[in-house]
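Architecture at a glance
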Amino acid sequence: MGSSSLKVVQLRREGGTAVLENYGELALGPYAGSEIGTATNLPAEKLAEALTDLIREVGITTTDAGISIPFSRSLLTLVELPRRDNAEEQKTIISLEARKYIPVPVSEVQLDWFVVPETLPEGNELPNKVKVLLVAVHNDELTLLQSVITAAKLQATFYEIEIFSTIRSVVDEPVKPVLVLDIGASAAKVYVVERGVVALSHNIRAGGQDITRSIATANNLAIAAAEAQKKEFGFATGASYDRATVETIFSRIFEEAKRVMVQYETAHNKAVSGLVLTGGGAVTKELAAYATSFFSVDVRIADPFAKTAAPAFMRPVLQEIGPEFAVAVGLALRKLENLD
């Protein structure tokens, strides 16, 4: 559930393969009385109405679902805590110490954590500290999502913060740090992912909606028309707008993402091995080529559908729209894994 649209993906398992059965997207702007491409903050009943419409229009046949939790409604923080050899003692220490890092009463959130995998140092002596990724989600957000799912007549067997779904569907590097830049409608999120765990996260207050508005203002276009122009042309030639209109926002996003990357590399003395662009903003034509002028690492556009089996004739379309569906594909992949 993004700020400007809903995405749904239906997979089934055939042997050891995830087979794509259906997918779809629905803009939320009209449900808020706004145009397509605008970010919204809909109440539960409107979200449920939109989700019900999307399920019906796409032809989703299962009610068994996994649901994403927006990054903006969660807290991720990496901390170092005392190491204990006994697993139960370690769990107790994490549970007690975690309270110090949560800015709201623990009773108001659902708290979870992951111990970060580590490389055994020389001499095979583990340090006396262990790195722990703390994850907290406000109860109000879970209540809202649960009411939406119930009204849409789905059965959600799990909820997952969107970055973990994205990692599952688009990050293939098992060891080296990777930068993931998720360009949403209202904001962009940048993560450093190492060994499958979020080592650093940062929110950037600029997104695809800002680019759409810039195009609309500069060319006296409706938001919906500007959104269509942005998706069709991006940085490519042939657009009715000045390329600088798009560059201004993207350069701001890339400069801040680069600052986060350098901050991580300096603090940990490790080089980020690559950049994955995902989210609706990553659908922008020729974005990867523009990004290479900012980053000195390999840049690629997310292709989550590559982890699913689908007819060959659909591949070009799936590859083009893939960045928008990274979270939805990742959720469905987890659900299939849980069937083992």
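Residues numbered from 1 in each chain as written. Predicted model: local features only at pLDDT ≥ 70, side-chain atom pairs only at ≥ 80, totals over all residues. Heavy atoms only, no water.

**A word on the sheet that holds strand 6 (residues 129-138)**
This is how the line gets drawn: Following DSSP output, two strands are said to pair if at least two bridges run between them. Numbered from the N terminus, helices here are DSSP runs of H or I no shorter than four residues, and strands are runs of E no shorter than two. Note on geometry: axes are lines fitted to C-alpha atoms, helical ones only across the stretch in contact, with angles between N-to-C directions running from 0 to 180 degrees. Two residues qualify as a contact provided that any one of their heavy atoms is within 4.5 Å of a heavy atom in the partner residue.
Strand order in this open sheet of three strands is 4-6-5, and the pairing throughout is antiparallel. Each of the sheet's edge strands pairs with one partner strand only, and the pair in question is strand 4 (74-82) and strand 5 (109-115). Taken pair by pair, the neighbouring strands of this sheet meet at an average axis angle of 25 degrees, ignoring direction. Sheet topology note: the strand 5/strand 6 ladder contains seven bridges and is antiparallel. The residue bridging V109 from the neighbouring strand is H138, located in strand 6. Along the sheet face, helix 2 (residues 87-98) touches strand 4, strand 5 and strand 6 and points at about 135 degrees away from the line of strand 5.

**Brief notes about the packing of aromatic side chains**
Stated formally: In this analysis, rings of Phe, Tyr and Trp, with Trp reduced to its six-membered ring, are considered paired at centre separations within 6.5 Å, and the interplanar angle assigns stacked below 30 degrees, edge-to-face beyond 60, and tilted for intermediate values. Accessibility here uses a 1.4 Å probe with only protein chains present; expressed as a share of the type maximum, an area under 20% marks a residue as buried, one over 50% as exposed, and anything in between as partly exposed. Whether a charge sits over a ring depends on NZ of Lys or CZ of Arg being within 6 Å of the ring centre and within 35 degrees of the ring normal.
Under the definition given, this model contains twelve aromatic pairs. Considering the side-chain rings of F305 and F325, the 5.7 Å spacing of their centres and the 50 degrees angle between planes classify their relative orientation as tilted. Of this pair, F305 sits in the loop between strand 12 (298-301) and helix 9 (315-321) while F325 sits in the loop between helix 9 and helix 10 (326-337), and the two are 20 residues apart along the sequence. Like F305, the residue F325 is buried in the burial classification. Every member of this aromatic cluster is reached through a ring pair, and the members are F235, F250, F254, Y290, F294 and F295. It is R334 that lies over the ring of F158; its NZ or CZ is 4.1 Å from the centre.

**Describing the pattern of salt bridges**
What counts here: Throughout this description, the term salt bridge denotes a Lys or Arg side-chain nitrogen within 4 Å of a carboxyl oxygen of Asp or Glu.
For the structure shown, the criterion picks out 19 salt bridges. The shortest N-O distance in the salt bridge between K307 and D172 comes to 3.2 Å. In this pair, K307 sits in the loop between strand 12 and helix 9 while D172 sits in the loop between helix 4 (162-170) and strand 8 (178-183), placing the two residues 135 residues apart along the sequence. What you see here is one network of salt bridges that share partners, running through E160, R168, R334 and E337.

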